[in-house]
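As a plain string of letters, each chain reads:
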Amino acid sequence: MSTQHHHIIIIGSGPAGYTAAIYSARANLAPLLIQGSMPGGQLTTTTEVENYPGFVDGILGPDLMQEMENQAKRFGCNIKTALVEAVDLTVKPYKIKTAEETFTTDTIIIATGANPRYLDLPNEKSLIGFGVSTCATCDGAFYREQTIAVVGGGDSACEEALFLTRFAKKVYLIHRRDQLRASKIMQDRVFKNPKIELVWNSAVSELVGEKPAGLKKIILTNTLDQSKSELEISGIFMAIGHVPNSQLFETQLDLDTDGYIITSPDSTKTKIPGVFACGDVRDKVYRQAITAAGSGCMASIEAERYLESL
Ligand code: NAP
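Here is what the cut-offs are and how they apply
- Residues numbered from 1 in each chain as written.
- Predicted model: local features only at pLDDT ≥ 70, side-chain atom pairs only at ≥ 80, totals over all residues.
- Heavy atoms only, no water.
- Disulfide = S-S within 2.5 Å.
- Buried < 20%, exposed > 50% of the residue type's maximum accessible area, 1.4 Å probe, protein only.
- Helix = DSSP H or I, 4+ residues; strand = E, 2+ residues; numbered from the N terminus.
- Expected span 1.5 Å × (residues − 1).
- Pairing = 2+ DSSP bridges.
- Axes fitted to C-alpha atoms, helices over the stretch in contact; angles between N-to-C directions.

**Here we look at the state of the cysteines**
Following the criterion strictly, the structure yields one disulfide and no others. Here cysteine 135 connects covalently by a disulfide to cysteine 138, the sulfurs 2.1 Å from one another. Between cysteine 135 and cysteine 138, the S-S dihedral sits near 80°, and the bridge is therefore right-handed. You can call cysteine 135 buried: its relative accessible area is 14%. Accessibility expressed as a relative area gives 18% for cysteine 138, which makes it buried.

The structure is reproduced here in structure tokens:
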């Protein structure tokens, strides 16, 4: 086991992590970025990204992340493909441990992201990009004049369903209970929208379809009487919440009730000096690549100022 010391270690390799890496590397701080279990993050699971500024014809999610990695490397960022197993924020310098190595560092930028929650149906993961999505903003435009569904009863599900009515012919909103959890204002909008049909007391029990033709229909199970029904749809959007990847920090940083890392207002500072959090691990409102990248930039600038103050 070797121990290396760094000024900045970035944990995570989505838009927030790579942006923090680009800024820190350009500031000559020789950052180390540890990629985590899914190099490139959530965008590697999407197809075309059409709303990231600068790409007039769109760019594939995995290609965008590869470009970000290349840009970080261009300025000398050291990138390791490893999973962080433990972090010790109780003593300075802070310690980060992977399976192979232990690092010490003056600052840490946490950009570990969040994972959308899935239903855990057998072919769900294999149909991602072929009818199964977790992001209406990313994929809605592929379903023009089609019949699709959103699963969930919270603000995200309502927001996704409303957004999708811009493209789709019809949107079923499937919820496991007979009442939405979403705020009253979102509920009112959903109820008033003629393109949205509520499907109450229903759980999706089967996705029918396969690659590359994609999703054909779903089987629903009524949660009250267990009766089965079918819906012919070409797309289904899971909006049943996200799980922030904050487990490594739960005993050392303040998390909100949903597990998101709490940072100071208008800042990426956590309660521990020199430890910053950016991207989806601290954002349950916007969750966009561009907002994650923006907060990665903030974290890098704040880390640089912290190092200067030492
Ligand atoms: P959420 O409020 O936790 O809602 C998740 C929904 O998914 C719930 O209706 C839940 O059903 C359902 N669900 C969870 N697991 C499920 C499963 N296995 N099968 C079927 N349904 C399942 O999550 P969210 O909507 O992503 O919102 C997260 C937070 O962000 C909330 O605080 C929300 O207010 C906020 N947010 C705000 C806005 C906005 O203000 N514009 C937009 C998006 C999010 P049950 O209701 O039965 O538990």
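**Regarding helix H6 (residues 289-309)**
In this model H6 runs 30 Å from its N-terminal to its C-terminal C-alpha over 21 residues, within 8% of the 30 Å that 1.5 Å per residue would give. Listed in full, the buried residues belonging to H6 are Ala289, Ala292, Ala293, Ser295, Gly296, Cys297, Ala299, Ser300, Glu302, Ala303, Tyr306 and Leu307.

**Considerations on the sheet that holds strand E16 (residues 228-232)**
Hydrogen bonds between backbone atoms are what pair the strands of a sheet, whose relative direction is either parallel or antiparallel. Taken in spatial order, the three strands line up as E14-E15-E16 in an open sheet, and their pairing is antiparallel. Each edge of the sheet is formed by a strand with only one pairing partner; in this case those strands are strand E14 (202-210) and E16. The average undirected angle you get between the axes of adjacent strands in this sheet is 25°. Two strands pair when backbone bridges link them, and strand E15 (residues 214-222) and E16 are joined in this way by five bridges, in the antiparallel orientation. Residue pairing in the sheet places isoleucine 219 in a bridge with glutamate 230 of E16.

Read these as layout, nothing more, since geometry by itself doesn't imply function.
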